[in-house]
Amino acid sequence: MGSDPSGMIKSLIMTTEIQEKSTMEYPKILVGKKALVSGVANKRSIAWGIAQALHAAGADIIFTYQGERLKPELEKVCEGVIDNPKMVELDVTNDDQLDAAFDTVAKEFDGKLDMMVHCLAFAPKETLQGGYVDTQRAHYAMAQDISSYSLAAMSRKARPLMQKAGGGSIITLTYLGAEKVIQNYNMMGIAKAALEAGTRYLASDLGPDNIRVNAISAGPVKTLAGRGIADFTTMLNHHAEKSCLKRNVTTEEIGGTALFLLSPLSGGITGEVLHVDCGYSIKG
Ligand code: NAD
Ligand code: 0WE
């Protein structure tokens, strides 16, 4: 004790802890509202932090899972938190699954949808090391398809349901690597840049239908997507030290911002990228 002057150990503990149950109190501002949440793979998923905030605010949620293999994990995560969770399979590279998933949503939600959470990304692991200059065409196409095009595809399917609800709010998750060169983020940086531009074009397309589209640019979080990435722990520590708040962001905090952006509280905000990164990105 007392031998941790820079708070390294403390920040490490804070970043690796999983928030089992929220201690936060949420306003019940989403009672009667319907949400579609993608991207919950396990307890650490950013999408799970968002789903917990929406659930606490009273929203009715349908979860999507990528494949049958991930369904039991999603059921396990919901256990004791959400009774009889509604879930539907959706691999965003599959147009038939996109059609079927939104048919299910329409049926379950009486043809209406108020909120959608796009919280997924993938790039082949070869593209997250070395140089972007070496990226293969097929790897580029796959990363863009899953990580960027899918927001447009899902928004197109959500549109008629949100029109029927009188409007809606859509969010996606992005990262600083879209704006600045972050070592090894490489291909994902290009995909996130497209995702952020896509957020603005979709906000323009869907604005007349009273549908808002925004992105949360989250600081690094130790999730499944962060695992296997070289020196992720070193990066988390660097981030905590350099950030204004001297720590890393939690999925609960990302959930709070998501709740704000998905609720009428943010009614005038669309096409925006909001940084939830403990102030890391404002530093020189
Ligand atoms: P995660 O591994 O928990 O979630 C990623 C999700 O993407 C998984 O649920 C996975 O099933 C899904 N997915 C991948 N390919 C898919 C496909 N073809 N069809 C449908 N789903 C697919 O990791 P996470 O960190 O919670 O990532 C969620 C989002 O947050 C991603 O967009 C990620 O880029 C973004 N993000 C993460 C961090 C971080 O440091 N972890 C920081 C900023 C932004
Ligand atoms: O968006 C992400 C990661 C998304 C991701 C992760 C993986 C790992 C496994 C996309 N595709 C894959 N493909 C795999 O095979 N983040 C913001 C987290 C992240 O990833 C990094 C980071 C950060 C932060 C990769 C390199 C450098 C920093």
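Residues numbered from 1 in each chain as written. Chains lettered and ligands numbered in written order. Predicted model: local features only at pLDDT ≥ 70, side-chain atom pairs only at ≥ 80, totals over all residues. Heavy atoms only, no water.

**Concerning the overall build of the chain**
Step number 1: When helices and strands are tallied, the chain shows 8 helices and 7 strands.
Step number 2: Whereas a compact globule of 284 residues would reach a radius of gyration of roughly 19 Å, the chain reaches 18 Å, a difference of no more than 12%.
Step number 3: By its C-alpha atoms, the chain is 60 × 45 × 40 Å across when sized along the principal axes.
Step number 4: Evaluated residue by residue, the chain yields a buried proportion of 48% over its 284 residues.
Step number 5: If you take every contact in the chain between residues at least 6 apart in sequence, the share linking residues at least 24 apart comes to 76%.
Step number 6: By element, 53% of the accessible surface of the chain is carried by carbon and sulfur atoms, the whole surface being about 14,000 Å².
Step number 7: Charged side chains in the chain number 29 positive and 32 negative. The centres of these two groups are separated by 3 Å. (Helix = DSSP H or I, 4+ residues; strand = E, 2+ residues; numbered from the N terminus. Rg over C-alpha atoms; globule rule 2.2 N^0.38 Å. Buried < 20%, exposed > 50% of the residue type's maximum accessible area, 1.4 Å probe, protein only. Contact = heavy atoms within 4.5 Å. Areas by Shrake-Rupley, 256 points an atom, 1.4 Å probe, with all protein chains shown as cover. Lys, Arg positive; Asp, Glu negative; His and termini not counted. Charge placed at Lys NZ, Arg CZ, Asp CG, Glu CD.)

**As for the site of ligand 2**
Step number 1: Taken together, 13 residues surround ligand 2, and among them Ala123, Tyr185, Ala225, Ile229 and Met235 come closest.
Step number 2: At 2.7 Å, a backbone N or O of Ala123 approaches a nitrogen atom of ligand 2.
Step number 3: Between ligand 2 and the protein, one listed contact pairs an oxygen atom with a side-chain N or O atom of Tyr185 at 2.8 Å.
Step number 4: Across the complex, the protein chains shield 86% of the 590 Å² of accessible surface that ligand 2 would expose by itself.
Step number 5: A class-by-class count of the residues in the shell around ligand 2 yields 10 nonpolar, 2 polar and 1 charged. (Near = heavy atom within 4 Å. Polar contact = N/O pair within 3.5 Å; in protein donor to acceptor, adjacent residues only side chain to side chain. Nonpolar A, V, L, I, M, F, W, Y, C, P; charged D, E, K, R; others polar.)

**Some thoughts on the site of ligand 1**
Step number 1: Within the structure, ligand 1 sits among 26 residues, and Ser45, Gln66, Lys192, Val221 and Thr223 are positioned closest to it.
Step number 2: One of the backbone N or O atoms of Ala225 is found 3.2 Å from an oxygen atom in ligand 1.
Step number 3: In isolation ligand 1 exposes 820 Å². Once the protein is present, 91% of that is buried.
Step number 4: Classifying every residue of the shell around ligand 1 gives 18 nonpolar, 6 polar and 2 charged.

**Examining the pairing of strand S4 (residues 115–118)**
Step number 1: Residue alternation in S4 divides its side chains into two sets, Met115 and Val117 and Met116 and His118, and both sets are buried.
Step number 2: Inspection of the sheet shows strand S1 (residues 34–37) paired to S4 by 3 bridges, in the parallel sense. If you follow Ala35 over to S4, its bridge partner there is Met115.
Step number 3: As for the winding sense of the linkage, the β-α-β connection from S4 through helix H5 (residues 137–164) to strand S5 (residues 168–174) is right-handed. (Pairing = 2+ DSSP bridges. Right-handed = clockwise from strand over helix to strand, strands pointing away.)

**Some remarks on the sheet that holds S4**
Strand pairing in a sheet relies on backbone hydrogen bonds. The paired strands run either parallel or antiparallel.
Step number 1: Taken together, the 7 strands give an open sheet; going across it, the order is S3-S2-S1-S4-S5-S6-S7, and neighbouring strands pair in parallel fashion. Strand pairing shows two members of the sheet lacking a second neighbour, strand S3 (86–89) and strand S7 (273–276), which therefore form its edges. Here the average twist between neighbouring strands, direction ignored, is 20°.
Step number 2: Alignment of strand S6 (residues 211–218) against S7, held across 4 bridges, turns out to be parallel. Across the sheet, Ala218 pairs through a bridge with Val276, a residue of S7.
Step number 3: Packed on one face of the sheet, helix H3 (residues 71–78) meets strand S2 (60–65) and S3 and runs near 150° to S2. (Axes fitted to C-alpha atoms, helices over the stretch in contact; angles between N-to-C directions.)

**Quick word on the packing of H5 against helix H6 (residues 186–206)**
Step number 1: As a packed pair, H5 and H6 sit with axes 9 Å apart at the nearest point and diverge in direction by 20°. It follows that H5 is roughly parallel to H6 by the angle criterion. Judged by the sense of rotation from one axis to the other, the crossing of H5 with H6 is right-handed. In this structure, H5 uses Tyr140, Ala143, Gln144, Ser147, Ser148, Leu151, Ala152, Ser155 and Arg159 to contact H6, whose residues at the interface are Met187, Met188, Ile190, Ala191, Ala194, Leu195, Thr199, Leu202, Asp205 and Leu206.
Step number 2: Residues that form the contact of H5 with H6 fall into these classes: 12 nonpolar, 5 polar and 2 charged. (Parallel < 35°, antiparallel > 145°, perpendicular 65-115°, else oblique. Left-handed = near helix turned anticlockwise from the far one by under 90°.)

**Side note on the nonpolar core**
Step number 1: Counting residues in hydrophobic clusters, the biggest one holds 38 residues, and the most contacted among them are Val37, Ile50, Leu54, Phe63 and Ile254.
Step number 2: Elements with a minimum of two residues in this core: S1, helix H2 (46–56), S2, H3, S4, S5, S6 and helix H8 (251–262).
Step number 3: A total of 7 residues in this core trace back to one element, the largest contributor, which is H2.
Step number 4: Beyond its immediate sequence surroundings of up to four residues, Leu54 is in contact with Leu30, Ala35, Val37, Ala59, Ile61, Met115, Val117, Leu259 and Leu262.
Step number 5: In this structure, Leu98, Ala153, Leu195 and Leu206 belong to the second largest nonpolar core, which totals 26 residues. (Core = buried A, V, L, I, M, F, W, Y, C linked by side-chain atoms within 4.5 Å.)

**Observations regarding H5**
Step number 1: An ideal rise of 1.5 Å per residue puts 40 Å on 28 residues; H5 measures up with 40 Å between its terminal C-alpha atoms.
Step number 2: Maximal helix bending in H5 amounts to about 50°, located at Tyr149.
Step number 3: Backbone geometry just after H5 places Gly166 at a positive phi near 90°. (Expected span 1.5 Å × (residues − 1). Bend = angle between axes of the 7 residues up to and from the residue.)

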